[in-house]
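Topology and contacts: notes
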Amino acid sequence: MAKEGVEKAEETEQMIEKEAGKEPAEGGGGDGSHRLGDAQEMRAVVLAGFGGLNKLRLSRKTMPEPQDGELKIRVKACGLNFIDLMVRQGNIDNPPKTPLVPGFECSGIVEALGDSVKGYEIGDRVMAFVNYNAWAEVVCTPVEFVYKIPDDMSFSEAAAFPMNFVTAYVMLFEVANLREGMSVLVHSAGGGVGQAVAQLCSTVPNVTVFGTASTFKHEAIKDSVTHLFDRNADYVQEVKRISAEGVDIVLDCLCGDNTGKGLSLLKPLGTYILYGSSNMVTGETKSFFSFAKSWWQVEKVNPIKLYEENKVIAGFSLLNLLFKQGRAGLIRGVVEKLIGLYNQKKIKPVVDSLWALEEVKEAMQRIHDRGNIGKLILDVEKTPTPLMANDSTETSEAGEEEEDHEGDSENKERMPFIQ
């Protein structure tokens, strides 16, 4: 890992020369120079339309070039989050137009700098937030969303770092003001955010962590939380049996009837934070029934009741905070603190598995089935397993491909590289 940092400049120069050599500019001098006019292509995962897994394709697209204030990054790894599954289904507010390249975070090597960019050099190892377009071999993103990574942090760890740890940190310390002796309930404790929450709680003395997770994950994560419950059990009674007063902080990524349960568990001056709504996702495609059921089950909040019970209810969306509300400066400060904790060996991203870009459908199915412990990573340089190598058809940007049949891959299994 450390060698990557030492040899970063040489590696980037070799990449640029290699790309330039593929499609030399007409009339070029053959010196391997990389010109903005070159119509180079890259591989990217494209979502052709909202719906099931068959809407995803590995395609060839024109490689982007950095605009003023942007960096061009040769991507090594991309993070896969539950929000990506909801985007695929169109199960979000104001979904963007398709076709689009999904993905909101990546890691890689700086390959080019736009005008006015300072503080970075070609060859820097970085991780970044991207407002879509992360699942590609090359991305361009504004400098305020890019962060240098430690020399001993692998690219897969770096791709697992931004969304999960920043979300966990802001909720715990900026919103809920976690302090010594407090207690936290976190749902989906075996997921990427859940494991980040557990690690950050361990940096504060005497914090009790209650977690819910699927039973098959309990053995793997039992040491990261204080009390662990099955996700389908009556966790309200289990928590109150251990702590009659309840908990100080509830972190809810489920929504639905868990909202009312979470509020009922709060101690006076406790904080409930909603940061997701995964209960709305049941099948492969968007379900209006699941959406309506989840909405109906959400307890209608009465401000007078909150006032009388001294409880706080909050919401948190990292992507909105970054891309719509202009809080990149706040997030940069959070990332710097988190990197400090990483360097002190107090936190470390948990990577569930690595998948090739061609295997994005299988990776999404794993996260849909809640089968992951930690983060799923798309490894741009990974070779797909032969069994399913042709499952995600590669096309040109303008090309069309035959639709997958929904049941074709049900009896096929691809084993990822498990960390």
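Residues numbered from 1 in each chain as written. Predicted model: local features only at pLDDT ≥ 70, side-chain atom pairs only at ≥ 80, totals over all residues. Heavy atoms only, no water.

In the nomenclature of an unreviewed UniProt entry, the protein chain is known as Vesicle amine transport 1 like of Rhinopithecus bieti. We quote the UniProt Sequence similarities (unreviewed entry) comment for the protein chain here in full: "Belongs to the zinc-containing alcohol dehydrogenase family. Quinone oxidoreductase subfamily." (UniProt positions renumbered as here; feature names shortened; annotations may be inferred.)

Counting its regular elements, the protein chain contains 14 helices and 17 strands. The burial tally for the protein chain puts 54% of its 419 residues in the buried class. If you take every contact in the protein chain between residues at least 6 apart in sequence, the share linking residues at least 24 apart comes to 71%. On the protein chain, roughly 19,300 Å² of surface is accessible, and the fraction owed to carbon and sulfur atoms is 50%. (Helix = DSSP H or I, 4+ residues; strand = E, 2+ residues; numbered from the N terminus. Buried < 20%, exposed > 50% of the residue type's maximum accessible area, 1.4 Å probe, protein only. Contact = heavy atoms within 4.5 Å. Areas by Shrake-Rupley, 256 points an atom, 1.4 Å probe, with all protein chains shown as cover.)

Using the criterion set out here, one finds one cavity of 30 Å³ or more in the structure. Volume-wise, the largest cavity comes out at about 40 Å³. Every residue lining the largest cavity is listed: Ala 160, Asn 164, Phe 165, Gly 192, Gln 195, Ala 196, Gln 199, Pro 349, Val 350 and Lys 375. Elements represented by at least two residues in the lining of the largest cavity include exactly helix 5 (162-175) and helix 6 (192-201). No other element matches the four residues that helix 6 contributes to the lining of the largest cavity. For the lining of the largest cavity, the class distribution of residues is five nonpolar, four polar and one charged. (1 Å grid on protein atoms, 1.4 Å probe; cavity = no way out; pocket = protein on both sides within 12 Å on 5 of 7 lines; lining within 4 Å. Points joined across faces, edges and corners; volume = space filled by probe spheres on them. Nonpolar A, V, L, I, M, F, W, Y, C, P; charged D, E, K, R; others polar.)

It is worth spelling out the packing of helix 5 against helix 6 at this point. In contact at an axis separation of 8 Å, helix 5 and helix 6 are set at 50° when each is read in the N-to-C sense. On the basis of their axis angle, the class for helix 5 and helix 6 is oblique. Read as a crossing pair, helix 5 and helix 6 show a hand that is right-handed. Where helix 5 abuts helix 6, its residues Asn 164, Phe 165, Thr 167, Ala 168, Tyr 169, Met 171, Leu 172 and Phe 173 lie against Gly 192, Val 193, Ala 196, Val 197, Gln 199, Leu 200 and Cys 201. (Axes fitted to C-alpha atoms, helices over the stretch in contact; angles between N-to-C directions. Parallel < 35°, antiparallel > 145°, perpendicular 65-115°, else oblique. Left-handed = near helix turned anticlockwise from the far one by under 90°.)

Before going further, it helps to spend a moment on the pattern of salt bridges. Here the structure, examined in full by the defined rule, presents 17 salt bridges. With a shortest N-O distance of 3.9 Å, Asp 257 and Lys 261 are connected by a salt bridge. Overall, the relative accessible area of 32% leaves Asp 257 in the partly exposed class. The exposure class of Lys 261 is partly exposed, given its relative accessible area of 31%. Look at the salt bridges and you will find they share partners, linking Glu 65, Lys 72, Arg 74 and Glu 111 into a network. (Salt bridge = Lys/Arg side-chain N within 4 Å of Asp/Glu carboxyl O.)

With that settled, the discussion passes to helix 5. Burial analysis of helix 5 places 11 of its 14 residues in the buried class, the great majority of the element. Pro 162, Met 163, Asn 164, Phe 165, Val 166, Thr 167, Ala 168, Tyr 169, Val 170, Met 171 and Leu 172 are the residues of helix 5 that are buried. Note on helix 5: the residue one or two positions beyond its end, Asn 177, has a positive phi of about 55°.

Another aspect to go through is the pairing of strand 9 (residues 208-213). Within strand 9, five of the six residues are buried, which leaves the element mostly enclosed by the surrounding structure. Pairing between strand 9 and strand 10 (residues 227-230): four bridges, direction parallel. Residue pairing across strands places Gly 211 opposite Leu 228, the latter belonging to strand 10. (Pairing = 2+ DSSP bridges.)

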